[in-house]
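Spelled out from the first residue to the last, the chains are:
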Amino acid sequence: MSDLIKKSAAELGSLISQGQVSSREVTQAHLDQIAATDPTINAFLFIDNEGALAQADLADRTKGEGKSPLHGVPLALKDVLTQKGVPTTCGSKILEGWRPPYDSTVVTRLKDSGVIILGKTNMDEFAMGSSTENSAFGPTRNPWDTERIPGGSGGGSAAALAAFQAPLAIGTDTGGSIRQPAAVTGTVGVKPTYGGVSRYGLVAFSSSLDQAGPCARTVLDTALLHQVIAGYDPKDATSINAAVPDVVAAAQRSDVKGMKIGVVKELSGDGYEKGVADRFAESLAILESQGAEIIEVSCPNFKYALGAYYLIAPSEASSNLARFDAMRYGLRVGDDGSRSAEEVMSLTRAAGFGAEVKRRIILGTYALSAGYYEAFYGSAQKVRTLITRDFAAAYQKVDVLVSPTTPTVAFKIGAKSDDPVSMYLSDVATIPVNLAGVASMSLPAGLSEGLPVGFQIIAPAMKDDRLYQVGGALERELHRQWNGPLTHQIPELQVR
Amino acid sequence: MALSYEEVVAKYEPSLGLEVHVELNTETKMFCGCATTFGAAPNTQTCPVCLGMPGALPFVNEKAIESTIRIGLALNCAITPISRFARKNYFYPDMPKNFQISQYDEPICTNGYLDVDVETDEGLQTFRIEIERVHMEEDTGKSLHVGGATGRIHGAEYSLLDYNRAGIPLVEIVTKVVSGTGKYAPEVAKAYVKELRDILRALGVSDVKMEQGSLRCDANVSLAPIGSGKLGTRSETKNVNSLRSVERAVRGEMIRHAGLLEKGERVIQETRHFQEDSGTTRSGRSKEQAEDYRYFPEPDLTPVAPDAGWIEKLRSQLPEKPSMRRARLQTLWQVPDKEMAAMVNAGAVDLVEETVALGADPTKARGWWLGEISRLANEAEVELININISPKDVARIVELITAGELTDKLARQVVAAVIAGEGDPDTVISTKGIKVVSDESALIAAIERAIAEQPETADKVRNGHLPAAGALIGAVMKETKGQADAARVRELLLGLLGQA
């Protein structure tokens, strides 16, 4: 194993800019690691060997003064974002053969910053799931224990980081799909403020909740990537036209003295494993010792969040996924010349979508139906307003809110496959954030029975810098205790 | 037994509801930067957004919002301070996303009206058509069904899809129920669409070409027994592609509904398609079971919140209302009521005004547009506005006549040639060699020949019987193939015969 792959993105960027190593060497080292480990991990759906090396050569030719600190550094891209000419499946058979004719804005910004895209990572089909088991292309395995799930939907991106296949990754988070995988793989993931990162080219699951964000193994790396991808985009009408908070400076400053940190009462107690609660309490103690004031706050409407989410997200999904109809791209089933377009649409959708996607399309179609709309979608939107008010009230008292990211550590593959509601509960602490459109980070808080536990920080909208300020401070002390990032404690992978 | 129209309206009261779709003439589409040119090669004016590619997002064309607000203001509507786009969900191959971005319960303009004048037995009567709403949406693509006998989807071998039209901004203008028109329902419907078309044209927001589909009308018609105070079951007729068809469709549906009701049958609530050739409608899909479009607010777009100052600015810049303009021009040009009505009916007001603006005398301009050019338009079965001669051409022809370079007869030849696509008037005149004969020696020779051929007639003139000159002049004109100036021929002839 090359020692290059254990380095942080910040270090790699610095070595490349100083000419101590080429982007090609760094990229090749990661491609080698993918080749060695991915038959076991299955983090990637598409490995762009040629494309990545071509980008690396370009980066080597164009490096110089004033370039991005991530110039030449490789990255793993969740397969829900378009990259021109590169297969994009969203973990679904229905997009078979589709190569998008355009770059998502996130990809454009990555390319403009000289970041190398290694390939597309595995995910729950259309980002619907919390374990990556809903991928049509087989589950991704957690590098901490390959019998366990890496979280979801962005399990591929998180596993790629934990398996040292890439120092950076892009995820998307609709109800926790960046933060929950980060928590269970011992990595860092940020769901930026809704509208902070352009959704143009992010294949929509639930438009009002989806948000792309940065993932890495350290808080600073995450901030560097955040800085690259964030910012106003006129192609996304919901994108916020305001300056991006200086997340990199916040990660470097990382001082919590005098900050008020609110512990959400409703995101604790029953259902939270003891090991999870213990690591959370220890992290709080660190922040307190660093000068933060810890205050308990109540967000009484959070208990309705899961219910509201499972009405809003499937409703929007039922409409967003209607376009997959075999007419213009992707899979086409049953087109034998005798069948009508409607029959081909129906056969294609029956064959192309997996069970969880179908479940949610049916749920959403029902919730939007005449006569049910007010009771379901309408009520859910009201809950959303109440949750947003809970956050607003809490931020009157505190600067950030914190909770465990997930109630449990990574569970075993197959353990919850037959029980969707139990699976949905994995996201109970992350979902309120998406409903309110605020910003949130998960970073490692330690291990419970050898498996990572995540610590969640939640900041007000457009105050993403506070995530890095608090996360950076906590991480500094934890890294001191662990003698480096938590991922350095991952057991040697038993490569198949 | 079928009732005549007179019998239908003696027994039943019609109610109308008119939905007009207008394609805006913005340079780019409603939610992307694609061009909107009509008639481009299939699928050449598309992009990831209007093809509904995964991941692509819509962004609003501000010009389309502006046009819609101007339409609303011109129709006396209230402009909603915060309106929203909504998704209308249904599957159809020519709709790239399988939902249409439209507006639902929060349209941008509401509660307006439009007054239209209709000629009745008691003279000109004004009907107020109340407008329920004006909202924005995107157009769909087009399906072309190939093979099979009818060109319809049923029985076709395969279908082709063209998404050039997908995403073109559409404005839908919906009336409230129009009642109290009695037997004038068909005329009121036509007058409404026509007045609306004139307003939209004056606003410059659309090409308003019904035959190209840039203005489309769906006519809802229902009948109830007079005095019942109820509304009957309605049918919705689509595919009404001309003003005349609006009138025919409404009349035809009234007669069809009455026929069913007389037989004790019920009218089925359904979509029907107007058949241009027969003037009747045929059944489309039944709407008995209301389709569930699962509307919900479009999460990819933010609400439309036009600035109040901007709205007032747009209001202050509205063009003159067509009805006011007509009254003004009528006074200016000193046209009698009946002729003004004829000009309005023929759609000639704009054309005459433009021609006059280019220097032509109003009476002459009107004469050409309502006379020879209207006759040729009728022959060719096109609307006057679409005939291939411009106000500029007509103004030039009038100018040439006034200058004595064309006779009326020659001018008619020039008009026909311009319409036939042979070029502008000057080009036609030079290529065809059309000119008033002004070489007087040739003309005198022709007159002398005429005198020699008709000596007795010439003598009558010499003896002071001037009306006899007509036969000689006619002969000269015939010989010169009409190119001579008849007035000059007369002068020369009388001179030669000692009667000058």
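Since we're looking at a predicted model, the values are computed, not measured.

Asks: It is not clear to me how the overall build of chain B should be interpreted in this structure. Could you clarify?
Replies: A count of helical and extended segments in chain B gives 16 helices and 14 strands. Counting the 500 residues in chain B, one finds 39% classified as buried. Nonlocal contacts in chain B, meaning residues at least 24 apart in sequence, comprise 67% of its contacts between residues at least 6 apart.

Asks: For this particular structure, what's the right way to read the overall build of chain A?
Replies: Of regular secondary structure, chain A possesses 16 helices and eleven strands. By the compact-globule yardstick of 23 Å for 496 residues, chain A fits well, its C-alpha radius of gyration being 21 Å. Counting the 496 residues in chain A, one finds 61% classified as buried. Pairs at least 24 residues apart make up 77% of the contacts formed inside chain A by residues separated by at least 6 positions.

Asks: What should I look at first to understand the pairing of strand 3 (residues 116–121) of chain A in this one?
Replies: The two faces of the sheet receive side chains in turn, since in a regular strand these alternate between them. All names here are of chain A. A large share of strand 3 lies buried, amounting to six of its six residues. When strand 2 (residues 74–78) meets strand 3, the two strands line up parallel, connected through five bridges. From the neighbouring strand, Leu77 faces strand 3, where its bridge partner is Lys120. With respect to chirality, the unit in which strand 2 leads through helix 4 (residues 105–112) into the neighbouring parallel strand 3 is right-handed.

Asks: Got a minute to help me understand the environment of Leu53 of chain A in this structure?
Replies: Residues and elements named next belong to chain A. With respect to the helices and strands, Leu53 occurs in helix 3 (residues 49–62). For Leu53, a count of 17 C-beta atoms within 10 Å puts it in the partly exposed group. Separated by 22 residues in the primary sequence, Leu53 and Leu31 have C-alpha atoms spaced 9.2 Å apart. When neighbours within four sequence positions are excluded, Leu53 is seen to be in contact with Arg24, Thr27 and Gln28.

Asks: Any chance you could explain the interface of chain B and chain A here in plain terms?
Replies: Many descriptions give the size of an interface as the accessible area lost when the pieces come together. The partner chain A presents 33 residues to the 27 residues of chain B that form the contact. Counting residues per element, the ones that place at least two in the side of chain B that touches chain A are strand 3 (86–89) and strand 8 (158–162) of chain B. Class assignment for the residues of the side of chain B that touches chain A results in 16 nonpolar, six polar and five charged.

Asks: What am I meant to see in the nonpolar core here?
Replies: For soluble globular proteins, the rule of thumb is that nonpolar side chains tend to be buried together. The biggest cluster of nonpolar side chains holds 220 residues, and the ones touching the most others in it are Val73 and Leu75 of chain A together with Ala189, Tyr192 and Ala219 of chain B. Excluding its chain neighbours within four sequence positions, the residues that come into contact with Ala189 of chain B are Leu16, Leu18, Ala219, Val246, Glu247 and Val250 of chain B. Counting residues in each nonpolar core, the second largest holds 30 residues, with Val356, Trp369, Val394 and Val398 of chain B among its members.

Asks: Is there a simple way to explain the packing of helix 10 (residues 305–320) of chain A against helix 13 (residues 374–397) of chain A in this structure?
Replies: When two helices pack together, their arrangement is given by the angle between their axes and by how far apart the axes lie. Residue and element names in this part refer to chain A. Across the interface, helix 10 lies against helix 13 with an axial gap of 9 Å and an inter-helix angle of 125°. When the axis of helix 10 is compared with that of helix 13, the two are oblique. Note that helix 10 runs across helix 13; the crossing there is left-handed. Residues Ala305, Ala308, Leu311, Ile312 and Ser315 of helix 10 form the contact with helix 13, whose participating residues are Phe376, Tyr377, Ala380, Val383, Arg384 and Ile387. Among the residues forming the contact of helix 10 with helix 13, the class breakdown is nine nonpolar, one polar and one charged.

Asks: I'm lost on the sheet that holds strand 2 of chain A in this one. Help?
Replies: By definition, the strands of a sheet pair up through backbone hydrogen bonds, in either a parallel or an antiparallel sense. Residues and elements named next belong to chain A. The eleven strands lie next to each other as 1-3-2-4-6-5-10-11-9-7-8, forming an open sheet whose pairing is mixed. Since the sheet does not close on itself, it has two edges, and those belong to strand 1 (44–47) and strand 8 (293–297), each with one partner. Strand-to-strand, the axes of this sheet are offset by a mean angle of 30°, without reference to chain direction. Where strand 5 (residues 188–191) and strand 10 (residues 439–448) come together, three bridges link them in antiparallel fashion. Counterpart to Val190 in the pairing with strand 10 is Met441. In the packing of helix 7 (residues 219–229) onto the sheet, contacts are made with strand 4 (168–172), strand 5, strand 6 (212–216) and strand 10, and the angle to strand 6 comes to roughly 150°. In the packing of helix 9 (residues 274–289) onto the sheet, the strands contacted are strand 7 (260–264), strand 8, strand 9 (400–404), strand 10 and strand 11 (451–459), and the crossing angle to strand 10 comes to about 110°.

Asks: Sorry, what's going on with unusual backbone geometry here?
Replies: Note on backbone geometry: most residues besides glycine have negative phi, and most peptide bonds are trans. In this structure, Ser153 of chain A follows Gly152 of chain A across a cis peptide bond, with omega equal to 10°. A positive phi is found at Asn98 of chain B, a non-glycine position, where the angle reads about 60°. As for its placement among the helices and strands, Asn98 of chain B is situated in the loop between strand 3 and strand 4 (99–102).

Asks: Honestly, the confidence of the model for chain B in this entry has me stumped. Any pointers?
Replies: In regions of low pLDDT, the predicted coordinates are not meant to be interpreted in detail. Summing up the model confidence of chain B, the mean pLDDT is 91 and the portion of residues at 70 or higher is 97%. Here the predicted complex scores 0.86 on pTM and 0.95 on ipTM.

Asks: Help me understand helix 3 (residues 185–203) of chain B, please; the structure alone is not making it clear to me.
Replies: The periodicity of an α-helix, 3.6 residues per turn, causes residues three or four places apart in sequence to face the same way. All names here are of chain B. Relative to the 27 Å expected for 19 residues at 1.5 Å per residue, helix 3 spans 27 Å between its end C-alpha atoms, a close match to the ideal helical length. By the criterion of burial, helix 3 is predominantly enclosed, with 14 of the 19 residues buried. Just past helix 3, the residue Gly204 takes up positive phi, approximately 70°.

Asks: Would you explain the environment of Pro214 of chain A in this entry?
Replies: All names here are of chain A. Tracing the sequence through the fold places Pro214 in strand 6. The class of Pro214 is buried, set by 30 C-beta atoms lying within 10 Å. Once the C-alpha coordinates of Pro214 and Phe44 are considered, the two residues, 170 residues apart in sequence, prove to be 17 Å apart. In contact with Pro214, not counting residues within four places along its chain, are Ile170, Val190, Thr222, Leu225, His226 and Ile229.

Asks: Would you mind going over the pairing of strand 7 of chain A with me for this structure?
Replies: Residue and element names in this part refer to chain A. Across five bridges, the pairing between strand 7 and strand 8 is parallel. Across the sheet, residue Val263 finds its bridge partner in strand 8, namely Glu296. Tracing the backbone out of strand 7, into helix 9 and back to the parallel element strand 8 gives a crossover that is right-handed. Across three bridges, strand 7 lies against strand 9 in parallel orientation.

Asks: Explain the sheet that holds strand 3 of chain B to me, please; I cannot follow it from the model alone.
Replies: Residues and elements named next belong to chain B. Reading across from one edge, 4-3-14 is the order of the three strands in this open sheet, with antiparallel pairing throughout. The sheet is open, and its two borders are formed by strand 4 and strand 14 (296–297), each paired with just one other strand. Both strand 3 and strand 4 contribute to a ladder of four bridges, which runs antiparallel. Bridge pairing in strand 4 places Lys88 opposite Gln100.

Asks: Is there a simple way to think about helix 13 (residues 440–453) of chain B in this case?
Replies: Residues and elements named next belong to chain B. Here helix 13 spans 20 Å end to end across 14 residues, near enough to the 20 Å set by a 1.5 Å rise per residue. Buried residues of helix 13: Leu443, Ala446, Ile447, Ala450 and Ile451, and no others. The arc that holds every buried residue of helix 13, seen down its axis, measures 140°, which confines them to one face. For helix 13, the exposed residues lying more than 90 degrees away from the buried face are Ser441, Ala445, Ala452 and Glu453. Where helix 13 is buried, its residues meet helix 14 (455–462), helix 15 (469–479) and helix 16 (486–496).

Asks: Any chance you could explain the environment of Leu493 of chain B here in plain terms?
Replies: Residues and elements named next belong to chain B. Along the polypeptide, Leu493 turns up in helix 16. Taking the C-alpha atoms as reference points, Leu493 and Leu472, separated by 21 residues in sequence, lie 8.2 Å from one another. If we skip the residues at most four places from it in the chain, Leu493 touches Ile447, Ala469, Leu472 and Ile473.

Rules and cut-offs
Residues numbered from 1 in each chain as written. Chains lettered and ligands numbered in written order. Predicted model: local features only at pLDDT ≥ 70, side-chain atom pairs only at ≥ 80, totals over all residues. Helix = DSSP H or I, 4+ residues; strand = E, 2+ residues; numbered from the N terminus. Buried ≥ 20, exposed ≤ 12 C-beta atoms within 10 Å, placed from the backbone. Contact = placed C-beta atoms within 7 Å. Rg over C-alpha atoms; globule rule 2.2 N^0.38 Å. Pairing = 2+ DSSP bridges. Right-handed = clockwise from strand over helix to strand, strands pointing away. Nonpolar A, V, L, I, M, F, W, Y, C, P; charged D, E, K, R; others polar. Core = buried A, V, L, I, M, F, W, Y, C linked by C-beta atoms within 7 Å. Axes fitted to C-alpha atoms, helices over the stretch in contact; angles between N-to-C directions. Parallel < 35°, antiparallel > 145°, perpendicular 65-115°, else oblique. Left-handed = near helix turned anticlockwise from the far one by under 90°. pLDDT = per-residue confidence, 0-100. Expected span 1.5 Å × (residues − 1). Arc of directions from axis to C-beta.

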